[in-house]
Amino acid sequence: MPDPVPTAPSSLREVLRDVGARLQQPAENLRQLLQDVVARAVTAIGAAEGSILVPDEQVNHLRFLVAHSPTSTKLVGLRVPISGSIAGYVFGTGQMMAVGDLAEERTPQFYAEIDRQVGVATRTYLVVPILFGSRVGGVATYVNRLGQPPFQPFQKHEMELARGFAGLEGLLLRYLDRSNQLSRLAVHDLQALETRMPGAALPDAADPWARVLQTLDSLPDDDQALCADLVGLIARRQKNEQ
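Just so it is clear, the model here is predicted, and its values are computed rather than measured. (Residues numbered from 1 in each chain as written. Predicted model: local features only at pLDDT ≥ 70, side-chain atom pairs only at ≥ 80, totals over all residues. Heavy atoms only, no water.)

S.K.: Tell me about the overall build of the protein chain, and please be specific about residues and values.
M.R.: Helix and strand counts for the protein chain stand at nine helices and six strands. Taking all 242 residues of the protein chain together, the buried fraction comes to 40%. Within the protein chain, counting contacts between residues at least 6 apart in sequence, those at least 24 apart form 60% of the total. Put simply, the protein chain shows about 14,000 Å² of open surface, and 55% of that area lies on carbon and sulfur atoms. (Helix = DSSP H or I, 4+ residues; strand = E, 2+ residues; numbered from the N terminus. Buried < 20%, exposed > 50% of the residue type's maximum accessible area, 1.4 Å probe, protein only. Contact = heavy atoms within 4.5 Å. Areas by Shrake-Rupley, 256 points an atom, 1.4 Å probe, with all protein chains shown as cover.)

Here it is, written out as structure tokens:
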């Protein structure tokens with residue numbers, strides 16, 4: 001009778017999984033740092049709420065990544081169409097947009113569905129592009145003022161301050177994106193390492209994106225941005241075709 005196939009010690013598997021979990025921490029720390037910056041920006045600019053939206057896996061949508069708001073838990077993860085929203089307009093054009101009173105101006109581009117979902121009426125609104133070099137990587141939004149309407153529109157010096165914060169937010173978003181990419185690659189490599197242990201199941205087919213991520217970090221910044229855009233576009237299209 002053949003000897004049983006040895007299995008990898010459970011303690012080693014636990015170490016691998018613990019390492020994988022800890023490799024996620026830098027990205028989570030960056031996300032929390034971005035959250036803190038948004039909170040400070042909201043206070044400095046004199047808004048009641050603020051958020052950052054980034055391109056979503058769903059084609060032609062933006063997603064709330066972080067928010068400083070009483071309704072943050074409802075906002076984060078919600079999606080806004082790029083076509084038919086002020087945030088989408090700013091993302092597509094790279095042009096800042098400020099609205100003094102949405103109720104009076106009846107801006108046709110405003111996407112009111114988010115207000116309905118979270119129970120907040122947006123009146124005074126400022127949206128600033130977050131730039132990654134020459135391309136737009138997301139948008140920062142500022143909503144209303146503290147207290148009750150009518151709210152004072154955002155002033156020129158507040159808009160310039162928002163632009164300054166957008167530069168810092170863009171830097172953090174880029175580091176967050178790279179950290180997420182490296183975390184995904186590390187988890188993939190840890191899984192591959194586990195499959196080589198005695199008694200492990202045969203590995204699945206290699207992840208086609210993992211090899212792209214391996215070389216991405218060594219490329220110049222502009223090439224990294226282009227590759228990230230292409231990979232993200234293909235992934236989103238494949239997901240929508242399923």
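Next comes the rest of the account.
S.K.: Report on the sheet that holds strand β4 (residues 97-99), specifying residues and quantitative values.
M.R.: Here six strands make up an open sheet; going across it, the order is β3-β2-β1-β6-β5-β4 and the pairing antiparallel. Edge positions in the sheet fall to β3 (79-81) and β4, since each of these pairs with one other strand and no more. Taking each pair of neighbouring strands and ignoring which way they run, the sheet shows an average axis angle of 25°. Here strand β1 (residues 49-55) runs beside strand β2 (residues 61-68); their pairing, made up of six bridges, is antiparallel. (Pairing = 2+ DSSP bridges. Axes fitted to C-alpha atoms, helices over the stretch in contact; angles between N-to-C directions.)

S.K.: Please set out the environment of K156 residue by residue, giving values where relevant.
M.R.: In this structure, K156 sits in helix α7 (residues 156-195). Separated by 58 residues in sequence, K156 and A98 place their C-alpha atoms 10.0 Å apart.

S.K.: Please give an account of the side chain of S69 that cites residues and values.
M.R.: In this structure, S69 sits in the loop between β2 and α3 (72-75). For S69, a relative accessible area of 13% puts it in the buried group. Within the structure, S69 has its side chain in polar contact with the side chain of T71 (distance 2.9 Å). (Polar contact = N/O pair within 3.5 Å; in protein donor to acceptor, adjacent residues only side chain to side chain.)

S.K.: So what's going on with the side chain of S72? Which residues, and what values?
M.R.: Looking at the secondary structure, you find S72 in helix α3. From its side chain, S72 meets the backbone oxygen of A67 in a polar contact 3.0 Å long. At a separation of 2.6 Å, a polar atom in the side chain of S72 contacts the main-chain carbonyl oxygen of S69.

S.K.: Which residues make up the packing of helix α2 (residues 25-45) against α7, and what values go with them?
M.R.: Contact pair α2 / α7: the axes reach a minimum separation of 9 Å and the direction vectors enclose 175°. Between α2 and α7, the crossing angle belongs to the class labelled roughly antiparallel. Contacts between α2 and α7 involve P26, A27, L30, R31, L33, L34, V37, V38, R40, A41, A44 and I45 from the first element and E158, L161, A162, F165, L168, E169, L172, L173, Y175, L176, S179 and N180 from the second. Broken down by class, the residue content of the contact of α2 with α7 amounts to 18 nonpolar, two polar and four charged. (Parallel < 35°, antiparallel > 145°, perpendicular 65-115°, else oblique. Nonpolar A, V, L, I, M, F, W, Y, C, P; charged D, E, K, R; others polar.)

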